[in-house]
Amino acid sequence: MDTPQEGSARETGRAPSVSPPLVTSIIMILTGVVFLAQLLPSLDLVHRLSFVPALLLEQPWRVLSVALVHEQPSPFHLLANMIGLFFFGSFIERALGRWRFLTIYLLGTVGGSVMVLVLAKPFTVDWVTNNIGASGAVFAIVGVLLVPTQKLDRNITGVVLFVALNFGYGFLVAGVSWQAHLGGLIAGFVLGCGALLVPKKQSTLVFVLTAVGLLLAMLVAGAWRINDAWQIAAM
């Protein structure tokens, strides 16, 4: 696997670090701090930071802040996402670099929220449900790993198995947002194609254009659903 600046471990003569890279580490620490802060009932962070389709226009930051809050009091939800982030995120950050990885993480989070919005029927329970967790972002990272390329030295069978098991779990267990998984996965795959399926000299430009195009597409999808809700409310 190629590191962002120094080439592969074989070329540099150094083994890859076992610790997560900088951006991955910061995200893990920040998410862990927020989880501990959730233990303070007075802060009510789940209701302040979770993504609720009905609150999108009033509080748009929730499309991103959703990735910071997790189920309480059991740490299982947090640990599942952070373990995925530690292994998959570290790999992708080393392969693509910090700013591309951060872009994938953030747009993957937005993609998960937008998919929840688009698939939620206005003025039903889904429209006012609190959606929490970094699953959309983690699945965006996994989406990059699914890009058909030899530039990433990964076990594609293991990645496909991870996706299948998680989607199966999401469909079988109530309360798991498979919609966020799907949205993040699609966003990550699209961004991964923009980063990995073009010549190296054009990869930065293509990645930026892909990210902008993806963001615009998500804005259009969100606007369509909100307009649909307004039309239903006007009836």
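Residues numbered from 1 in each chain as written. Predicted model: local features only at pLDDT ≥ 70, side-chain atom pairs only at ≥ 80, totals over all residues. Heavy atoms only, no water.

## A word on unusual backbone geometry
Here the bond from Q72 into P73 is cis, since omega is 0 degrees, no more than 30 degrees from zero. The residue P73 is located in the loop between α4 (62-65) and α5 (76-96) in this model. The phi torsion at D44 lies on the positive side, around 50 degrees, for a residue other than glycine. If you trace the backbone, D44 turns up in the loop between α2 (22-37) and α3 (45-49). (Helix = DSSP H or I, 4+ residues; strand = E, 2+ residues; numbered from the N terminus.)

## Remarks on the packing of aromatic side chains
Overall, the coordinates contain four aromatic pairs when judged by the stated rule. Judged by centre distance (5.4 Å) and plane angle (80 degrees), the rings of W99 and F207 are edge-to-face. On the criterion of sequence distance, the pair formed by W99 in helix α6 (residues 98-119) and F207 in helix α10 (residues 200-234) is long-range, its members being 108 residues apart. Owing to a relative accessible area of 44%, W99 belongs among the partly exposed residues under this scheme. Centre to centre, the rings of F123 and W127 are 6.3 Å apart; their planes meet at 50 degrees, and the pair counts as tilted. Overall, the relative accessible area of 49% leaves F123 in the partly exposed class. (Phe/Tyr/Trp six-rings, centres within 6.5 Å; stacked < 30°, edge-to-face > 60°. Buried < 20%, exposed > 50% of the residue type's maximum accessible area, 1.4 Å probe, protein only.)

## Some details on the side chain of T210
Within the fold, T210 resides in helix α10. Judged by relative accessible area, T210 falls into the buried class, the value being 18%. Once residues lying within four places of it in the same chain are set aside, the contact partners of T210 are V190, L191 and G194. (Contact = heavy atoms within 4.5 Å.)

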